Amino acid sequence: MNKELDRNKSYWRANLKIVSWLMVFWFLCSFGFGIIFSDTLDQYRVGGFKLGFWFAQQGSIYIFIVLVFVYVHLMNKLDRKYAKIEEKD
Amino acid sequence: MEVQELTYLFVGLSFAVYIGIAIWSRAESTNDFYVAGKGVHPVANGMATAADWMSAASFLSMAGLIAFLGKDGSVYLMGWTGGYVLLALFLAPYLRKFGKFTVPDFIGERYYSSFARKVAVLCLIFISFTYIAGQMRGVGIVFSRFLEVDINTGVVIGMGIVFFYAVLGGMKGITYTQVAQYCVLIFAYLVPAIFISILMTGNPVPQLGFGSTLVDSPVYLLDKLDQVTVDLGFDEYTQNSKSVIDIFCITAALMFGTAGLPHVIVRFFTVPTVADARKSAGYALIFIALLYTTAPAVSAFARMNLIDSIQDKEYSSAPSWFKNWEEIGLIAWKDKNLDGAIRYSSGDAVKGRPVYDTERGPSGERIVLNSPNFDNENEVYIDRDIIVLANPEIAELPGWVIALVAAGGLAAALSTAAGLLLVISSSISHDLLKKTYMPKITERQELFFARVSAAVAIAIAGLFGIYPPAFVAQVVAFAFGLAAATFFPVLFMGIFSKRLNKEGAIAGMLVGLIFTATYIIFFKFLYVDLNTSENWLMSISPEGIGFIGMILNFVVAVLVSSATKPPPQEVLDMVEMIRKPE
């Protein structure tokens, strides 16, 4: 029982770490590049886009998709790891 | 074939498919009716979520809104997609693990309180009906413009279709029709966008096309658009005109609101496992992003084409779409300088929404009775909702593309309406009747009540369509602001904090609700004249205030919880169960 509690606790901590990192990127690409630093980034260009404008209307959305799939991947990996530990115990 | 015949054909065919699916996927149990038997494949659920989420507002109004707002319109793009990251990381997997039927169900159990459950039901019903009213307006616009039937007849037909598959099939019927509706709506959105992108920039990918040069010159489309908008006295297209703090708060309110919308959350109850719920959120975001990354391209193309095709043209030689939309009252022209030519620039052409005389003016235009605004030169009133529907005509695309867009608009409106009706009916039959007032009813009776409440909700939604409340546009801020200020914090803390108790959650929800609702009602309904940035709290508009309401909810919930006694052991066990690996 105690072992199970410890296991759940460390699983939850690993989960929180993954989520916190992803949230940093989430904030940076939308509120950071798309809003707060958007005007500054506008001095750089990618093709016909000003960079800040591109982040606000395109880039942030692509990064959101990547973030969710990175999350899916990391959590599945974590789940597999803990399923193995459970088998051993 | 004529455009109208083609439209009848496409709309008729798509409706036949929806009805066919409804008959095939009838609900046999409450489990089927509420959560489609928890057997939906994650990709199918992704599509259904996308159709559920993308409403008449996303399909019909958003690109038009961005076309006129320029960079300020980014709040919708980031806000309505970024919320899915929150949903995937913080809510969907855990609420699926909880394994019940509705969002108030989670709140009621986690906070061991039937009062909390009732507050949640109240917020849910308010948010969902607000949203449905908007869908019905979308259905009405499509029917009256393209099928030339009376708006009321259109609404009744739409309601009839939804009635059929929602009452018969519940969540199961809705899910599979939404999959079909997603296919219809995304095809209808992309085809004209691709056509127009090729015509204007030679690039078949609209997402790249609007960052390319124009076909007939070496100038980038967005640079040209910046120059033209500035020349006509508008704000520069790729520059923000709202303050950074306001843009920040609106985006945040839309994001947290999206993550807190019950009809979206409940979609993740329908997949078989927790891992599927996570994956499904990713697929949903891809399917949504397909439209959301295309929309700003459509906006830029439409703004450019619109200016090109009417600026300084004689009214007598104006394009036919201009006159068609004028006929149904969504475009108006007031020849202020009496030269017979259309002059389009910044500012409102006339005061208020146009009111037409029965007589015709000297150039053959519908005479507008409103008094003109002489502080600017603009002579044109254009309702922003028509941009997506008019865009194929403005770009002179073939008739079948125009017909396709009409079918897509209906798919978007109906799929969202059905999803909303379902959460309303299940919160009534499950949370109010079964869990609160009539706990003794059998499953068969509960299913019967679920069907009855779905039917009643459809009838009320139909009334909203026929007698549209004047406040539809204003209440959109309400739906998202309230979802952010009430649901998101209690759902999030219900999972991520073990300390948050009944008292804290109820106090938090009520503070969020009252603060946000008061602010919006004050500026949007009571003192509309005062609704300018000088009077706003920290220059945050009513659209963004939900974010502040959410922070207040968090603060109050934590403070009240720490002063009262912690939740009972069985609730702590439940939270532990939700967090555990599967």
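Residues numbered from 1 in each chain as written. Chains lettered and ligands numbered in written order. Predicted model: local features only at pLDDT ≥ 70, side-chain atom pairs only at ≥ 80, totals over all residues.

**Notes on the overall build of chain B**
In terms of helices and strands, chain B carries 21 helices and four strands. Here the C-alpha radius of gyration of chain B, 24 Å, is about what a compact globule of 582 residues would show, namely 25 Å. Oriented by its inertia axes, the alpha-carbon framework of chain B measures out at about 80 × 55 × 45 Å. Put simply, 81% of the contacts in chain B that link residues at least 6 apart link residues at least 24 apart. (Helix = DSSP H or I, 4+ residues; strand = E, 2+ residues; numbered from the N terminus. Rg over C-alpha atoms; globule rule 2.2 N^0.38 Å. Contact = placed C-beta atoms within 7 Å.)

**Quick notes on the confidence of the model for chain B**
In the predicted model, chain B carries a mean pLDDT of 84, and 98% of its residues have values of at least 70. In the model output, the complex is listed with pTM 0.89 alongside ipTM 0.94. (pLDDT = per-residue confidence, 0-100.)

**Considerations on the environment of leucine 414 of chain B**
Residue and element names in this part refer to chain B. Tracing the sequence through the fold places leucine 414 in helix 16 (residues 399-437). For leucine 414, a count of 29 C-beta atoms within 10 Å gives the class buried. Spatially, the C-alpha atoms of leucine 414 and alanine 63 are 19 Å apart, while their sequence positions differ by 351 residues. (Buried ≥ 20, exposed ≤ 12 C-beta atoms within 10 Å, placed from the backbone.)

**Some remarks on the domain arrangement of chain B**
Residue and element names in this part refer to chain B. Splitting chain B by domain gives domain 1 (3-306 + 396-579) and domain 2 (313-388). Between domain 1 and domain 2, the C-alpha centre-to-centre distance is 33 Å. The partner domain 2 presents nine residues to the 17 residues of domain 1 that form the contact. Elements represented by at least two residues in the side of domain 1 that touches domain 2 include exactly helix 4 (56-69), helix 7 (114-147) and helix 13 (274-310). Among the elements that line the side of domain 1 that touches domain 2, the one with the most residues is helix 4, at eight residues. In terms of residue class, the side of domain 1 that touches domain 2 is made up of twelve nonpolar, four polar and one charged. (Domains from an automatic or database assignment. Nonpolar A, V, L, I, M, F, W, Y, C, P; charged D, E, K, R; others polar.)

**Notes on helix 13 of chain B**
Residue and element names in this part refer to chain B. The first and last C-alpha atoms of helix 13 sit 54 Å apart over 37 residues, in line with the 54 Å expected at 1.5 Å per residue. Considering bend angle alone, the principal kink of helix 13 is centred on alanine 289 and spans about 30°. Looking one or two places after helix 13, you find aspartate 312, whose phi comes out positive at around 60°. (Expected span 1.5 Å × (residues − 1). Bend = angle between axes of the 7 residues up to and from the residue.)

**Remarks on the interface of chain A and chain B**
Listed as interface residues are 33 residues of chain A and, on the opposing side, 39 residues of chain B. Of all the elements in the fold, those that place two or more residues in the side of chain A that touches chain B are helix 1 (2-36), strand 2 (49-50) and helix 3 (51-88) of chain A. For the side of chain A that touches chain B, the element with the most residues is helix 3 of chain A, which contributes 18 residues. Partitioning the side of chain A that touches chain B into residue classes produces 22 nonpolar, nine polar and two charged.

**What to know about unusual backbone geometry**
Of note in the backbone geometry, tyrosine 112 of chain B takes a positive phi value of approximately 35° without being a glycine. For tyrosine 112 of chain B, the position within the fold is in the loop between helix 6 (103-110) and helix 7.

**Describing the nonpolar core**
Residue and element names in this part refer to chain B. By size, the foremost hydrophobic cluster in this structure holds 225 residues, and its most contacted members are Leu185, Ile288 and Leu421. The two domains that each donate at least three residues to this core are domain 1 (3-306 + 396-579) and domain 2 (313-388). Beyond its immediate sequence surroundings of up to four residues, leucine 421 is in contact with Val162, Ala166, Ala454, Ala457, Ile458 and Ala461. (Core = buried A, V, L, I, M, F, W, Y, C linked by C-beta atoms within 7 Å.)

**Concerning the packing of helix 1 (residues 3-24) of chain B against helix 8 (residues 151-201) of chain B**
Packed helices, taken two at a time, are described by their axes: the angle between them and the distance between them. Residues and elements named next belong to chain B. Their axes nearest at 8 Å, the elements helix 1 and helix 8 cross at an angle of 125°. Taken as axis vectors, helix 1 and helix 8 run oblique relative to one another. In this structure, helix 1 crosses over helix 8, and the sense of that crossing is right-handed. On helix 8, the residues that touch Ser14, Phe15, Val17, Tyr18, Ile19, Ile21 and Ala22 of helix 1 are Ile161, Phe164, Tyr165, Leu168, Gly169, Gly173, Tyr176, Thr177, Ala180 and Val184. Split by residue class, the contact of helix 1 with helix 8 holds 13 nonpolar, four polar and no charged. (Axes fitted to C-alpha atoms, helices over the stretch in contact; angles between N-to-C directions. Parallel < 35°, antiparallel > 145°, perpendicular 65-115°, else oblique. Left-handed = near helix turned anticlockwise from the far one by under 90°.)

**Things to note about the pairing of strand 2 (residues 356-360) of chain B**
All names here are of chain B. For strand 2, the buried fraction is low: zero of the five residues fall into the buried class. Bridge count for strand 2 against strand 3 (residues 366-368) is two bridges, and the pairing is antiparallel. Each residue of the ladder has a partner; that of tyrosine 356, found in strand 3, is valine 368. Hairpin connection of strand 2 to strand 3: five residues between the antiparallel strands, including glycine 364 at a positive phi of 95°. (Pairing = 2+ DSSP bridges.)

**Here's the deal with the confidence of the model for chain A**
On average, residues of chain A score 88 in pLDDT, and 98% of them are at 70 or above. When pLDDT is averaged over each helix and strand of chain A, the minimum, 83, is found for helix 2 (residues 38-41) of chain A and the maximum, 89, for helix 3 of chain A.

**Considerations on helix 15 (residues 387-394) of chain B**
Residue and element names in this part refer to chain B. Among the eight residues in helix 15, eight count as buried, and that is most of the element. For helix 15, the set of buried residues is Ile387, Val388, Leu389, Ala390, Asn391, Pro392, Glu393 and Ile394. Just downstream of helix 15 lies glutamate 396, where phi reads positive at about 60°.

**As for the environment of lysine 50 of chain A**
Along the polypeptide, lysine 50 of chain A turns up in strand 2. Sequence-wise, lysine 50 of chain A and lysine 3 of chain A are 47 residues apart; in three dimensions their C-alpha atoms are separated by 55 Å.

**Section: the packing of helix 13 of chain B against helix 15 of chain B**
Residues and elements named next belong to chain B. Contact geometry for helix 13 and helix 15: axes closest at 10 Å, N-to-C directions at 60°. When the interaxial angle is binned, helix 13 and helix 15 end up oblique. At the point where helix 13 passes helix 15, the crossing takes the left-handed sense. Within the contact between the two elements, helix 13 uses Val298, Ala302, Asn305, Leu306 and Ser309 and helix 15 uses Ile387, Val388, Asn391 and Ile394. Split by residue class, the contact of helix 13 with helix 15 holds six nonpolar, three polar and no charged.

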